[in-house]
Amino acid sequence: MSIYVCKVCGHIEFEAAPENCPVCFAPKDKFDNNNTVFTDAMEKSKEGAVKHIPVVQVVQECGLVPEKPCTDILVRIGETLHPMEDKHFIQFIDCYVDHKYVSRIMLTPMVNPSVVFHLKETGSKVQIVEMCNLHGHWMKEEKL
Ligand SMILES: [Fe+2]
């Protein structure tokens, strides 16, 4: 599958570049085709995989919004927790359902690299993409 990366905000789109980035609204020409963005990160930082690959847990019943059908996607960055320091931290965590962009959560060094997405609509698989300011993009996919 083709991968397109927004040069402005780091957002990733699958299959085709959008007319405008759904995160920062940059136009299509700001997207670069880079099908190896995830494998490049892994090659550059093999020993770092344990700190960068998202750990994703799917909970079918939402504890926070039980009155609406809601699937919770619990994410933490790394089996070994990624550092959150001024010079080295996770900048954002993006959620996709069947490779369609759903939501971004921005992070700063003031929080742990862990988030929850409350999905109203489900699909067959969820993809979680995270961006480390030093070590690039990493992805994990889980069945819904
Ligand atoms: Fe990192």
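Looking now at the side chain of His52. Inspection of the secondary structure assignment puts His52 in helix 2 (residues 49-52). Given a relative accessible area of 1%, His52 falls into the buried group. A polar contact is formed between the side chain of His52 and the backbone oxygen of Gly48, at a distance of 2.8 Å. One polar contact links His52 to His135, side chain to side chain, over a distance of 3.2 Å. Leave out the neighbours within four places in its chain, and His52 touches Ile77, Gly78, His82, His88, Glu130, Cys132, His135 and Trp138.

Bringing the nonpolar core into the picture now. Judged by nonpolar contacts, the single largest core of 17 residues is most densely connected at Ile73, Val75, Ile90, Ile93, Phe117 and Ile128. Secondary-structure elements contributing two or more residues to this core are strand 5 (71-77), strand 6 (90-97), strand 8 (114-119) and strand 9 (125-132). Residue contributions to this core peak at four residues, all from strand 6. In this view, Ile73 contacts Val56, Gln57, Val58, Val115, Val116, Phe117, Leu119, Val126, Ile128 and Leu144; residues no more than four positions away in its chain are not counted. One finds Ile3, Val5, Phe14 and Tyr101 within the second-largest nonpolar core, a separate group that totals nine residues.

The set of residues buried in helix 1 (residues 37-44) consists of Val37, Phe38 and Ala41. Each buried residue of helix 1 lies within a common arc of 105° when the element is viewed along its axis, so the set occupies one face. Contacts from the buried residues of helix 1 go to strand 1 (3-6), strand 2 (12-14), strand 9 and strand 10 (136-143).

Moving on: the coordination of the iron ion. Every protein donor of the iron ion is accounted for by His52 (NE2), His82 (NE2), His88 (NE2), Cys132 (SG) and His135 (ND1), and the metal-donor separations fall at 2.1 to 2.4 Å. Each donor residue of the iron ion belongs to the same chain, with the gaps between them written as H-x29-H-x5-H-x43-C-x2-H. One end of the pair, His52, is in helix 2; the other, Cys132, is in strand 9, and 80 residues separate them in sequence.

This paragraph deals with the domain arrangement of the chain. Taken domain by domain, the chain consists of domain 1 (1-35) and domain 2 (38-143). Counting residues at the interface gives 12 residues for domain 1, matched by 11 residues for domain 2. On the domain 1 side of the contact with domain 2, Ile12, Phe14 and Val23 bury the most area, a combined 47% of that side's loss. Taken together, domain 1 and domain 2 are joined by four residue pairs in polar contact (both at pLDDT 80 or more). Listing elements by their share of the side of domain 1 that touches domain 2, those giving two or more residues are strand 1 and strand 2. In terms of residue count, strand 2 provides more of the side of domain 1 that touches domain 2 than any other element does, three residues in total.

Moving on to the sheet that holds strand 8. With antiparallel pairing, the three strands of this open sheet are ordered in space as 4-5-8. Bordering the open sheet on either side are strand 4 (54-59) and strand 8, each of which pairs with just one other strand. Taking the axes of each pair of neighbouring strands and ignoring which way they run, one obtains an average angle of 20° across the sheet. Two elements, strand 5 and strand 8, share six bridges in a ladder whose sense is antiparallel. Bridge pairing in strand 8 links Leu74 to Val116.

What counts, and where the lines are drawn
Position numbers for residues count from 1 along each chain, tracking the sequence in the order it is written. Predicted model: local features are reported for residues with pLDDT of at least 70 only, side-chain atom pairs are reported and counted for 80 or more only, and whole-chain, interface and lining totals are derived from all residues. Hydrogen atoms and water are omitted, and side-chain values are computed over all heavy atoms in the structure. Segments assigned H or I by DSSP are reported as helices when at least four residues long, segments assigned E as strands when at least two residues long, and all are numbered from the N terminus. Using a 1.4 Å probe on the protein chains alone, a residue whose accessible area is under 20% of its type maximum counts as buried, one over 50% counts as exposed, and one in between counts as partly exposed. Nitrogen and oxygen atoms within 3.5 Å of one another constitute a polar contact, given that in protein one can donate a hydrogen and the other can accept it, and given that sequence-neighbouring residues count only through two side-chain atoms. When checking whether two residues touch, look at their non-hydrogen atoms; a contact exists if any pair is within 4.5 Å. By nonpolar core we mean a set of buried residues, namely Ala, Val, Leu, Ile, Met, Phe, Trp, Tyr and Cys, connected to one another through side-chain atoms within 4.5 Å. Within this analysis, the arc is defined by the directions that extend from the helix axis to the C-beta atoms. Metal coordination here is assigned from N, O and S atoms located within 2.8 Å of the ion, or within 3.2 Å for Na, K and Ca; omission of water means that sites may look incomplete. Here the bounds of each domain stem from an automatic or database domain assignment. The buried area of a pairing is the accessible area, by a 1.4 Å probe, that goes missing from both parts when the two are put together, added over both. The rule for pairing is simple: two strands pair if DSSP sees at least two bridges between them. Here an axis means a line fitted to C-alpha atoms, over the contact stretch when the element is a helix, while the angle between two N-to-C directions is reported on a 0 to 180 degree scale.

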